[in-house]
Amino acid sequence: MSGKVYLVGAGPSDAGLLTLKGYELLQTADVVVYDALVGGEVLGLIPPETRRVDVGKHAGSHPVPQEEINRILLREALEGHTVVRLKGGDPFLFGRGGEELELLAEWGVPFEVVPGVTSAVAVPAYAGIPVTHRDCCSSVHIITGHTKKSPGARTDYRALVRLGGTLVFLMGVAALEELCAGLLGGGIDPATPAAILERGTTARQRRISGTVETLPQKAREAEVGTPAVIVVGEVCALAERFSWAEKRPLGGRRVIVTRPRKLASRMTAKLRALGAEVLELPSIVTEPVAPNPALDEALARIGEYGWLVFTSPTGVRVFLEHLRETRFDLRRLGGVRLAAIGPSTAGALEERGL
Ligand code: SAH
């Protein structure tokens, strides 16, 4: 029986912007196929035992061609696997999500689409730019700045300028100069506010602000790289008052949490709540010593001991599991005093009635 493919939007990077449905699917997938725009925080949510296929572009290597990605999805599904195809932002918005469904549809492979929070709206929001605002715009237009790939789709700047709404360009970093020149040629007021927003929703997000006339020069000076969203319109001026992400206590900080995976999530959540970008990189694994003759020997003579000292909640858990496995009667601990190092360790003992 064939498996199923879930085309899932990962959001722009911040793991908090992954949908609940996307998160749940990541927990149950057999394989996750992802590309370069998926944030490190989101990748950290994939269970360690789940198979991952990276089809994104990385320094020194080429991205996997689209046809090959389509074939990978088909092959995995036909082998009966549950596949999550994880894409940056929303899978359909300039994401080639539709192309990936074509082959599946042809072969009758079942699929579902889980929309994502698109960078076109979220990246401006994290920079303090609402894409629409009261009286200043009656429309938003999302445009690809990468017209080279589809030469038929030339941007009609005159029409864009006439519409007068907020303009959001994706994939436009390399073409920024050309875009601004096009808008000026289309008759836009050269003083119209504009901004380029690099690596939005991450700790390294940057906003370079200017006008349609000055932005290309400013972006060059700041050496803006990809990915970045370009916004043109009166709403850009609001960022001066509305920027918020960098102002959080840990805004702009990246933190790596090395605790064992099971124990990391509470600390990660706290750091994220303070605005940090948090990557979980479990570098510690705690395992029970088994067999443990020294412990068995000490337990056999437990009556001779005055104190039992616990150094961590894990120590408490492993010790009591050992007692259960060896059918050791807890009442035999009655004569021994208990000491705990730290409140969590004490809490772990209290939770177990000690
Ligand atoms: N499907 C995606 C867009 C894919 S096109 C979405 O809905 O967001 C890729 C473009 O998205 C990039 O060139 C850039 O313009 C934009 N982009 C994606 N993530 C971004 C981020 N974290 N910060 C800035 N721009 C981003």
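Think of each chain on its own: its residues are numbered from 1, step by step along the sequence as written. Residue-level local features of this predicted model are given only where pLDDT is at least 70; pairs of side-chain atoms are given and counted only at 80 or more, and the full residue set underlies all totals for whole chains, interfaces and linings. Working from all heavy atoms in the structure, the side-chain values ignore hydrogens and water.

Caption draft 1: Fine view of a nonpolar patch on the surface. In this scheme, patches are assembled from residues that exceed 30% relative accessible area and form no salt bridge. Like charges are connected within 9 Å, while nonpolar side chains (Val, Leu, Ile, Met, Phe, Trp, Tyr) are connected within 5 Å. Shrake-Rupley sampling with a 1.4 Å probe provides the accessible areas, and residues are treated as covered by the protein chains on show and by no other component. Basic side-chain nitrogens of Lys or Arg form a salt bridge, by our definition, when they fall within 4 Å of a carboxyl oxygen of Asp or Glu. Residues Phe94, Val140, Ile142 and Met171 make up a contiguous nonpolar surface patch of about 300 Å² in total accessible area. Helix numbers and strand numbers start at the N terminus; a helix is a DSSP run of H or I with at least 4 residues, a strand a run of E with at least 2. Within the secondary structure, Met171 is located in the loop between strand 7 (166–170) and helix 7 (176–185).

Caption draft 2: Focus on the environment of Thr345. Among the structural elements, Thr345 can be located in helix 13 (residues 343–351). Type-normalised accessible area, obtained with a 1.4 Å probe on protein chains alone, sets the label of each residue: buried when under 20%, exposed when over 50%, and partly exposed for intermediate values. Taking the relative accessible area as the measure of exposure, Thr345 reaches 2% and is therefore buried. The spatial distance from the C-alpha of Thr345 to the C-alpha of Ser312 is 5.0 Å, given a sequence separation of 33 residues. By the convention used here, residues are in contact when the closest approach between their heavy atoms is within 4.5 Å. Each residue touching Thr345, except ones within four places of it in the same chain, is listed here: Phe310, Thr311, Ser312, Pro313, Val316 and Ala340.

Caption draft 3: Examining the site of the ligand more closely. In the vicinity of the ligand there are 18 residues, among which Asp90, Leu93, Thr118, Ser119 and Ala228 approach most closely. At a separation of 2.7 Å, a nitrogen atom of the ligand approaches a polar backbone atom of Asp90. For the purposes of these results, a polar contact is taken to be a pair of N or O atoms within 3.5 Å, where, inside protein, one atom must be able to donate a hydrogen and its partner to accept one; residues adjacent in sequence count only when each atom of the pair is a side-chain atom. One nitrogen or oxygen atom from the side chain of Ser119 is found 2.6 Å from an oxygen atom belonging to the ligand. In the complex, 93% of the free accessible area of the ligand, which totals 540 Å², lies under the protein chains. Nearness of a residue to a molecule or strand requires only that one of the residue's heavy atoms be within 4 Å of it.

Caption draft 4: Seen up close, the sheet that holds strand 2 (residues 31–34). Between any two strands, at least two bridges found by DSSP are needed for them to pair. The strand order 3-2-4-1-5 describes an open sheet built from five strands, whose pairing is parallel. Edge positions in the sheet fall to strand 3 (51–54) and strand 5 (111–114), since each has one partner strand and no second. For this sheet, the mean inter-axis angle between neighbouring strands, taken without regard to orientation, is 20 degrees. Relative to strand 3, strand 2 runs parallel, the two being bridged by four bridges. Looking at strand 3, one finds that Val33 is bridged to Val53. Under this scheme, a helix contributes an axis fitted over its contacting stretch, all axes are lines through C-alpha atoms, and angles between N-to-C directions fall in the 0 to 180 degree range. Strands strand 1 (4–9), strand 2, strand 3 and strand 4 (82–87) of the sheet are contacted by helix 3 (residues 66–78), whose axis makes an angle of about 155 degrees with strand 4.

Caption draft 5: Seen up close, the pattern of salt bridges. Following the criterion strictly, the structure yields 18 salt bridges and no others. Among the ionic pairs, Arg272 bridges to Glu41, the shortest N-O distance being 3.3 Å. Of this pair, Arg272 sits in helix 10 (residues 261–273) while Glu41 sits in helix 2 (residues 40–43), and the two are 231 residues apart along the sequence. Notably, a salt bridge pairs Glu240 with Arg207, separated by 3.2 Å at the nearest N-O pair. Taken together, the positions of Glu240 in helix 9 (residues 239–242) and Arg207 in strand 9 (residues 206–211) put the pair 33 residues apart, joining distant regions of the chain. Classification of Arg207 as partly exposed rests on a relative accessible area of 27%. Where salt bridges share partners, they join Asp35, Arg85, Lys87 and Glu100 into one cluster.

Caption draft 6: Region of the structure containing the domain arrangement of the protein. Those domain boundaries reflect an automatic or database domain assignment. As far as domains go, the protein holds domain 1 (4–117), domain 2 (120–247), domain 3 (249–285) and domain 4 (293–351). If you average the C-alpha positions of domain 3 and of domain 4, the two centres end up 31 Å apart.

Caption draft 7: Spatial organisation of the sheet that holds strand 7. A sheet is described by the order of its strands in space; here five strands give the open sequence 6-7-10-8-9, paired in mixed fashion. The open sheet terminates on both sides in strands that have one partner only, identified here as strand 6 (140–144) and strand 9. Averaged over neighbouring strand pairs, the angle between their axes works out to 20 degrees when direction is ignored. In this structure, strand 8 (residues 193–198) lies alongside strand 9, joined through six bridges in antiparallel fashion. Within the sheet, the bridge partner assigned to Ala194 lies in strand 9 and is Gly210. Against the sheet, helix 5 (residues 119–126) contacts strand 6, strand 7, strand 8 and strand 10 (228–232), and its axis sits at roughly 80 degrees relative to strand 10.

Caption draft 8: Quick look at the side chain of Thr50. Structurally, Thr50 can be placed in the loop between helix 2 and strand 3. Ignoring sequence-local partners within four residues, the contact set of Thr50 consists of Ala29, Asp30, Val31 and Val32.

Caption draft 9: Representation of the pairing of strand 1 in the model. Counting buried positions along strand 1 yields five of six residues, so the element is predominantly enclosed. Judged from the six bridges that link them, strand 1 and strand 4 form a sheet pairing that is parallel. Residue Gly9 lies in a different strand from strand 4, and its bridge partner there is Lys87. Two strands pair when backbone bridges link them, and strand 1 and strand 5 are joined in this way by four bridges, in the parallel orientation. Within the sheet, the bridge partner assigned to Tyr6 lies in strand 5 and is Glu112.

Caption draft 10: Up close: the packing of helix 3 against helix 4 (residues 97–107). Between helix 3 and helix 4, the least distance of the axes is 9 Å, while the angle of their chain directions is 40 degrees. Comparing their axes, helix 4 and helix 3 come out oblique. When you trace helix 3 past helix 4, the crossing you get is right-handed. Contacts from Gln66, Ile69, Asn70, Arg71, Leu73, Leu74 and Leu78 in helix 3 reach Glu99, Glu100, Leu103, Leu104 and Trp107 in helix 4. Each residue gets one label: Ala, Val, Leu, Ile, Met, Phe, Trp, Tyr, Cys and Pro are nonpolar, Asp, Glu, Lys and Arg are charged, and the others, such as Gly, are polar. Class assignment for the residues of the contact of helix 3 with helix 4 results in seven nonpolar, two polar and three charged. Each angle gets one of four labels, with under 35 degrees taken as roughly parallel, over 145 as roughly antiparallel, 65 to 115 as roughly perpendicular, and the rest as oblique. When the near helix sits turned anticlockwise from the far one by under a right angle, the crossing is termed left-handed; a clockwise turn instead gives a right-handed crossing.

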